There are 2 protein chains.
Amino acid sequence: MSAAAVIDGQRALGFDLEAWSRVRLAQVEHALSQWVTAEVAQGLDHGAPAALVDAMRYAVLDGGKRLRPLLVLAAHEATSQSSAGDHPQAALRAACAVELIHAYSLVHDDMPCMDNDVLRRGKATVHIKFGEAGALLAGDALQALAFELLTPPDDGVPATVQARLCGLLARAAGSAGMAGGQAIDLASVGMALNERQLREMHQLKTGALLQGSVMMGAYCGAPDARALDALARYGAAIGLAFQVVDDILDVTADSATLGKTAGKDADHAKPTYVSVMGLSASQDYAQQLLVQSLAALDASGLGCTQALRGLANAVVHRAS
Amino acid sequence: MSAAAVIDGQRALGFDLEAWSRVRLAQVEHALSQWVTAEVAQGLDHGAPAALVDAMRYAVLDGGKRLRPLLVLAAHEATSQSSAGDHPQAALRAACAVELIHAYSLVHDDMPCMDNDVLRRGKATVHIKFGEAGALLAGDALQALAFELLTPPDDGVPATVQARLCGLLARAAGSAGMAGGQAIDLASVGMALNERQLREMHQLKTGALLQGSVMMGAYCGAPDARALDALARYGAAIGLAFQVVDDILDVTADSATLGKTAGKDADHAKPTYVSVMGLSASQDYAQQLLVQSLAALDASGLGCTQALRGLANAVVHRAS
């Protein structure tokens, strides 16, 4: 199914994911552009931080599908039906913070000592443009900025929400989440992993931050225990589906469509779903995970889940 | 004045900094050892995160003066005289979180694309022992862990304190703090900075996290506005003093005493206080900053500032 077909399918269900996303993406882009400048320029009159901010902006702005921010905002909308306990400003901050963590991970992942990649989203990678030390520092500063965004001294976001969002993001990003998954990835080059080991690696490397995005969005609303449990299962399913599809696209798409180097997993002898299960079984598995994610939403007791449904479809049926 | 003379001086004032520090250092070491293991092992049965945790522990444990944790704990003790609003568990978490940020910055700073140093605290640097990618990921995971430590779901730390500590640490570590200072440092190699530019660089690179340590400790107690203002000035003065003394020691001490490569600033054509002001004027400046820091404490209205005084003395009169 093509992306256009998915969007048509959503329209047929009375929900226009493209229109929904367009409005949210504009909010996120505006907020990112505002927050990856203002907070760092304060009180400085030396030239060098400007170079750091340039590298941070280059890494974050004008690129990427913004899947994680959209998941945050969709999960928030699904759980914000009650008038009490709704924090839209926190959701926008969470959406941007998750994207900053994702952006920093790409900057560091592309460095010569990791994947040594020169192309990302169709542009030169950060270390190519700003040097290795510049990329290292830009990534470090982006991670710190994510937590700064979540803890505004005055923006009407309650401290309980701030603290919970920080905790969720820190766990999703750290050694038991994204960074841990990258370490497994690094250690697994050239190794024969079985399907369980591959799943564990990807649950950490990609899944933790995608699931974390859903849970952060949920906690900006007023979810009950049933909804939280269902959203955790939804997030786990699409987190894994994202990586299965990534592995499929690495062999079926070309670099121009992907905006990054295609075929690099095989070149680097990295175990992937395609190498472990084969292409056809991987495609079936992605469909199963989509069904699981939608079933979780059915069981959530939440009314307004169209955007989450649409995003799950888009994850599995994307072309890049 | 030697370190022993400083300790004798403190004893003469009825306060034994060495004994005070010994108890707190044992608490911090125990907590770090506990927290840089347990929280990451949860639910994983794959081998590679163990390698990541090994690198993280190597970077953090059994080394360093732990100045930042001691500043957190001393500032907490100075502001915890009231029975209300005292959070010792938060202070211990803040002490460890600040040290994790400091440790990650050293790991990344030592990497080949930055200072390319092979010796740290008398041991091989992390990238020498665990490879460059291992060092990159260990640093990234340590930064995330710092924010995870500050946001325990259940440890009796109020959300208001958790959120404030995260915000202070994120700002101190990020592009308007430590990472920004490192970017200026990087850009200033081989350049002639004046004293104002040098001060700005060091206020960010080293000062922000030292001052942040003091403020985080203070917010674990119940400081009034006068105390907060005084502690901010104390933190700024010792933050700068630390770097002035660092620059002095780089030319006056040997590598064995420092536990790292001596003379490397001059080798790397980095501007330092000694290169800008000369050795004698730098030593005078360090003394002036000590006097400023103690005067700030005099004006704080706080009763129990002996540990903060002792630490200021120790910063300026240290031998390594």
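Given the structure is predicted, the values throughout are model-derived calculations rather than measurements. (Residues numbered from 1 in each chain as written. Chains lettered and ligands numbered in written order. Predicted model: local features only at pLDDT ≥ 70, side-chain atom pairs only at ≥ 80, totals over all residues.)

1. Topic: the overall build of chain A
Then comes step 1: A count of helical and extended segments in chain A gives 17 helices and two strands.
Then comes step 2: For chain A, with 320 residues in total, the buried portion stands at 55%.
Then comes step 3: Taking contacts inside chain A between residues at least 6 apart in sequence as the whole, the part at least 24 apart equals 76%. (Helix = DSSP H or I, 4+ residues; strand = E, 2+ residues; numbered from the N terminus. Buried ≥ 20, exposed ≤ 12 C-beta atoms within 10 Å, placed from the backbone. Contact = placed C-beta atoms within 7 Å.)

2. Let's talk about the confidence of the model for chain A
Any residue range with low pLDDT should be treated as having predicted coordinates unsuitable for detailed reading.
All names here are of chain A.
Then comes step 1: Mean pLDDT for chain A: 89, with 87% of residues reaching 70 or above.
Then comes step 2: Of the regions scoring below 50 in pLDDT, residues 40-48 engages in 16 contacts with residues more than four places distant in sequence or in other chains.
Then comes step 3: The complex model carries a pTM of 0.92, and its ipTM stands at 0.92. (pLDDT = per-residue confidence, 0-100.)

3. Quick look at the packing of helix 5 (residues 67-79) of chain B against helix 11 (residues 195-219) of chain B
All names here are of chain B.
Then comes step 1: Between helix 5 and helix 11, the shortest axis-to-axis distance is 7 Å and the interhelical angle comes to 35°. In this structure, helix 5 crosses over helix 11, and the sense of that crossing is right-handed. Between helix 5 and helix 11, the residues in contact are Arg68, Leu71, Val72, Leu73, Ala74, Ala75, His76 and Thr79 and Leu209, Leu210, Ser213, Val214, Met216, Gly217 and Ala218, respectively. (Axes fitted to C-alpha atoms, helices over the stretch in contact; angles between N-to-C directions. Left-handed = near helix turned anticlockwise from the far one by under 90°.)

4. A word on the environment of Gln288 of chain B
Residues and elements named next belong to chain B.
Then comes step 1: Note on placement: Gln288 falls in helix 16 (residues 279-298).
Then comes step 2: For Gln288, a count of 14 C-beta atoms within 10 Å corresponds to the partly exposed category.
Then comes step 3: Taking the C-alpha atoms as reference points, Gln288 and Ala237, separated by 51 residues in sequence, lie 9.0 Å from one another.

5. Concerning the packing of helix 5 of chain B against helix 17 (residues 306-317) of chain B
Residues and elements named next belong to chain B.
Then comes step 1: Between helix 5 and helix 17, the least distance of the axes is 9 Å, while the angle of their chain directions is 155°. When the axes of helix 5 and helix 17 are compared, the pair comes out roughly antiparallel. Facing helix 5, whose interface residues are Leu67, Leu70, Leu71, Ala74, Ala75, Glu77 and Ala78, helix 17 presents Ala307, Leu308, Leu311 and Val315.
Then comes step 2: When its residues are assigned to classes, the contact of helix 5 with helix 17 shows 10 nonpolar, no polar and one charged. (Parallel < 35°, antiparallel > 145°, perpendicular 65-115°, else oblique. Nonpolar A, V, L, I, M, F, W, Y, C, P; charged D, E, K, R; others polar.)

6. Some words on the relation of the copies chain B and chain A
Then comes step 1: When chain B is fitted to chain A, the residual RMSD is 0.0 Å, and the transformation amounts to a turn of 180° plus an axial shift of 0.0 Å. Between the two chains, the operation in question is that of a two-fold axis. Relative to the rotation axis, the C-alpha of Ala163 of chain B is the closest in chain B, positioned 2.4 Å from it.
Then comes step 2: Here 100% of the contact residues of chain B are again contact residues in chain A; the copies associate through an equivalent surface. (Least-squares fit on C-alpha atoms with pLDDT ≥ 70 in both.)

7. Things to note about the environment of Val276 of chain A
Residue and element names in this part refer to chain A.
Then comes step 1: Assignment of secondary structure puts Val276 in helix 15 (residues 273-277).
Then comes step 2: Take Val276: there are 18 C-beta atoms within 10 Å of it, and that puts it in the partly exposed class.
Then comes step 3: A C-alpha to C-alpha distance of 6.8 Å links Val276 and Asn194, two positions 82 residues apart in sequence.
Then comes step 4: Apart from the residues lying within four places of it in its own chain, the contact partners of Val276 are Leu193, Glu195, Leu198 and Pro271.

8. Digging into the interface of chain B and chain A
Then comes step 1: Taken together, the contact pairs 51 residues of chain B with 51 residues of chain A.
Then comes step 2: Only helix 3 (38-41), helix 4 (48-60), helix 8 (132-149), helix 9 (159-173), helix 10 (178-188) and helix 11 of chain B provide two or more residues apiece to the side of chain B that touches chain A.
Then comes step 3: With 11 residues, helix 8 of chain B is the single largest residue contributor to the side of chain B that touches chain A.
Then comes step 4: For the side of chain B that touches chain A, a count of residues per class yields 31 nonpolar, 14 polar and six charged.

9. Quick word on the environment of Ile101 of chain A
Residues and elements named next belong to chain A.
Then comes step 1: Mapped onto the fold, Ile101 is located in helix 6 (residues 88-109).
Then comes step 2: We classify Ile101 as buried; it has 27 C-beta atoms within 10 Å.
Then comes step 3: Setting aside its immediate chain neighbours within four residues, Ile101 contacts Gln143, Ala146, Leu169, Ala173 and Leu209.

10. Quick notes on unusual backbone geometry
Then comes step 1: The residue Asn116 of chain A is not glycine, and still its phi comes out positive at about 50°.
Then comes step 2: Tracing the backbone through its elements, the reader meets Asn116 of chain A in the loop between helix 6 and strand 1 (119-120).
Then comes step 3: On the basis of neighbour count, Asn116 of chain A is assigned to the partly exposed category, with 13 C-beta atoms found within 10 Å.
Then comes step 4: The backbone phi angle of Arg66 of chain B is positive, close to 60°, even though this residue is not glycine.
Then comes step 5: A tally of 21 C-beta atoms within 10 Å means that Arg66 of chain B is categorised as buried.

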